[in-house]
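The chain contents come next:
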Amino acid sequence: NHHSIRAIICVSNRITEIMKAFVERKEICTTIYSGVDVSKFAGPADKDALRREFGLDSTDILIGNVSALEASKDHITFIDTIGILKARGIPVKGFIVGKGSLADELRVYATNAGLGSSVIFTGFRSDVPVILAGLNVFLVTSVSEGLGTTVLDAFASRLPVVATAAGGIPEMVIAEETGLLFPTAKPACLAEAIHRIVTDASLRSKIISGASEKLREFTSQATAEKTLEVYRQIAMPQPTDS
């Protein structure tokens, strides 16, 4: 609220709404989405690299998530979703990619749930495009997100997304158009959505196409251009006649 602050840039409309509750001059809050560099995902993709690395069968359905292993990401729901699919006889493998303070706890949870061989913890990986290229579905189970740019990485990889409606995620994942969207902490709903995607080629094609179109709003180029425009407006006003 200092008088010299001319603009507050927020990464999603949801964050803008939250910020406005603390700002007296609400008009200085604006949304500029955090974009991704889509060129990282533009090259030829080796869709079998992940299966070769982990010795997986060609019939396995690979479900993945890339994020910090922290409470806000709710990996418990991710693991429970994998458990439901496995109980239905669906050959799934869940990939939890990332590191964080809950890593050991989550491994124990998966083991105790009888999913020690069905949920794979890769730790931190620098080759996310390779990981995403090998997956069949990207599953986001977060209970809190500013925006959630790993969704955009999945979009860029032409990977269908199933996600929870947390934070700014619904600004990217439009239900039945760019992905499938559900309330938080509903593993049964997420499992059913994954089953729909892997068995319905028409639905899969539709949401991948919609996500690719939606991605145009979330590129790093778009972020740069919109940020530059804010700087122009507040720091370089047009000279006035005197």
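These lines cover the structure that appears in this document, whether it is placed above or below. Every value quoted in this text rests on a predicted model; they were computed, and no experiment measured them. (Residues numbered from 1 in each chain as written. Predicted model: local features only at pLDDT ≥ 70, side-chain atom pairs only at ≥ 80, totals over all residues. Heavy atoms only, no water.)

## What to know about the environment of N1
Locating N1 in the fold gives a position in the segment before strand 1 (8-10). Taking the C-alpha atoms as reference points, N1 and R25, 24 residues apart in sequence, are found 7.5 Å from one another. Looking at N1, its side chain comes within polar contact range of the main-chain oxygen of F22, at 3.1 Å. (Helix = DSSP H or I, 4+ residues; strand = E, 2+ residues; numbered from the N terminus. Polar contact = N/O pair within 3.5 Å; in protein donor to acceptor, adjacent residues only side chain to side chain.)

## Considerations on helix 7 (residues 187-199)
Taking 1.5 Å per residue, 13 residues should reach 18 Å; helix 7 reaches 18 Å between its end C-alpha atoms and fits that length. Considered for burial, the residues of helix 7 that qualify are P187, L190, A191, A193, I194 and I197. Across the axial projection of helix 7, the buried residues extend over an arc of 160 degrees, all falling on one side. (Expected span 1.5 Å × (residues − 1). Buried < 20%, exposed > 50% of the residue type's maximum accessible area, 1.4 Å probe, protein only. Arc of directions from axis to C-beta.)

## Some details on the pairing of strand 6 (residues 137-140)
Side chains of strand 6 alternate between two faces, with V137 and L139 and F138 and V140 buried alike. After leaving strand 6, the chain enters helix 6 (residues 150-156) and then returns to the sheet as strand 7 (residues 161-164), a path that is right-handed. (Right-handed = clockwise from strand over helix to strand, strands pointing away.)

## Notes on the sheet that holds strand 3 (residues 61-66)
Adjacent strands of a sheet form backbone hydrogen bonds with each other and so pair up, either parallel or antiparallel. Taken in spatial order, the six strands line up as 5-4-3-6-7-8 in an open sheet, and their pairing is parallel. The two strands at the open ends of the sheet, each matched to only one other strand, are strand 5 (119-123) and strand 8 (180-182). Neighbour-to-neighbour, the strand axes of this sheet turn through a mean angle of 20 degrees, independent of strand direction. The sheet contact formed by strand 3 and strand 6 spans two bridges and is parallel. Bridge pairing links I63 to V137 in strand 6. (Pairing = 2+ DSSP bridges. Axes fitted to C-alpha atoms, helices over the stretch in contact; angles between N-to-C directions.)

## Some points on the layout of surface pockets
Approximately 280 Å³ is the volume found for the largest pocket. Taken together, 16 residues make up the lining of the largest pocket; nearest its centre are F41, A42, G43, A45 and S157. Tallying contributions element by element places helix 5 (residues 128-134) first for the lining of the largest pocket, with three residues. Lining the second largest pocket we find 13 residues, and of these K47, A133, L135, N136 and L159 sit closest to its centre. Only helix 5 and helix 8 (201-214) provide two or more residues apiece to the lining of the second largest pocket. Per-element accounting of the lining of the second largest pocket gives the leading share, three residues, to helix 5. Classifying every residue of the lining of the second largest pocket by side-chain character gives seven nonpolar, three polar and three charged. (1 Å grid on protein atoms, 1.4 Å probe; cavity = no way out; pocket = protein on both sides within 12 Å on 5 of 7 lines; lining within 4 Å. Points joined across faces, edges and corners; volume = space filled by probe spheres on them. Nonpolar A, V, L, I, M, F, W, Y, C, P; charged D, E, K, R; others polar.)

## Some details on a nonpolar patch on the surface
There is a patch of nonpolar side chains on the surface, built from I9, L228 and Y231 and spanning about 290 Å² of accessible area. Secondary-structure assignment places Y231 in helix 9 (residues 220-235). (Patch = residues over 30% accessible without salt bridge, like charges linked within 9 Å, V, L, I, M, F, W, Y side chains within 5 Å. Areas by Shrake-Rupley, 256 points an atom, 1.4 Å probe, with all protein chains shown as cover. Salt bridge = Lys/Arg side-chain N within 4 Å of Asp/Glu carboxyl O.)

## Here we look at the nonpolar core
Counting residues in hydrophobic clusters, the biggest one holds 32 residues, and the most contacted among them are F95, L132, L135, F138, F155, V161 and M172. Secondary structure elements with two or more residues in this core: strand 3, strand 4 (92-97), helix 5, strand 6, helix 6 and strand 7. For this core, the leading source of residues is helix 6, giving five residues. Leave out the neighbours within four places in its chain, and V161 touches F138, V151, A154, F155, V173, G179, L180 and I197. (Core = buried A, V, L, I, M, F, W, Y, C linked by side-chain atoms within 4.5 Å. Contact = heavy atoms within 4.5 Å.)

## Focus: the pattern of salt bridges
Scanning the model with the defined rule gives ten salt bridges in all. R107 is the salt-bridge partner of D104, the closest N and O atoms lying 3.7 Å from each other. Placement of both D104 and R107 in helix 4 (residues 103-112) is noted, with a separation of three residues, approximately one turn of the helix. Overall, D104 belongs to the exposed group, its relative accessible area being 59%. Given the relative accessible area of 36%, R107 is considered partly exposed. Its salt-bridge partner being E176, residue R196 comes within 3.0 Å of it at the nearest N-O pair. Here R196, found in helix 7, pairs with E176, found in the loop between strand 7 and strand 8; they are 20 residues apart in sequence, far enough to count as distant. Judged by its relative accessible area of 30%, R196 falls in the partly exposed class.

## Considerations on the packing of aromatic side chains
Geometry of an aromatic ring pair is reported as the spacing of the ring centres plus the angle between the planes. Enumeration according to the criterion identifies two aromatic pairs in this entry. With a centroid separation of 4.4 Å and an interplanar angle of 40 degrees, the aromatic rings of Y33 and F218 are classed as tilted. A residue pair is termed long-range when its members are at least 10 positions apart, and Y33 in the loop between strand 2 (29-31) and helix 2 (49-54) and F218 in the loop between helix 8 and helix 9 qualify at 185 residues. The buried category is assigned to Y33, whose relative accessible area is 15%. (Phe/Tyr/Trp six-rings, centres within 6.5 Å; stacked < 30°, edge-to-face > 60°.)

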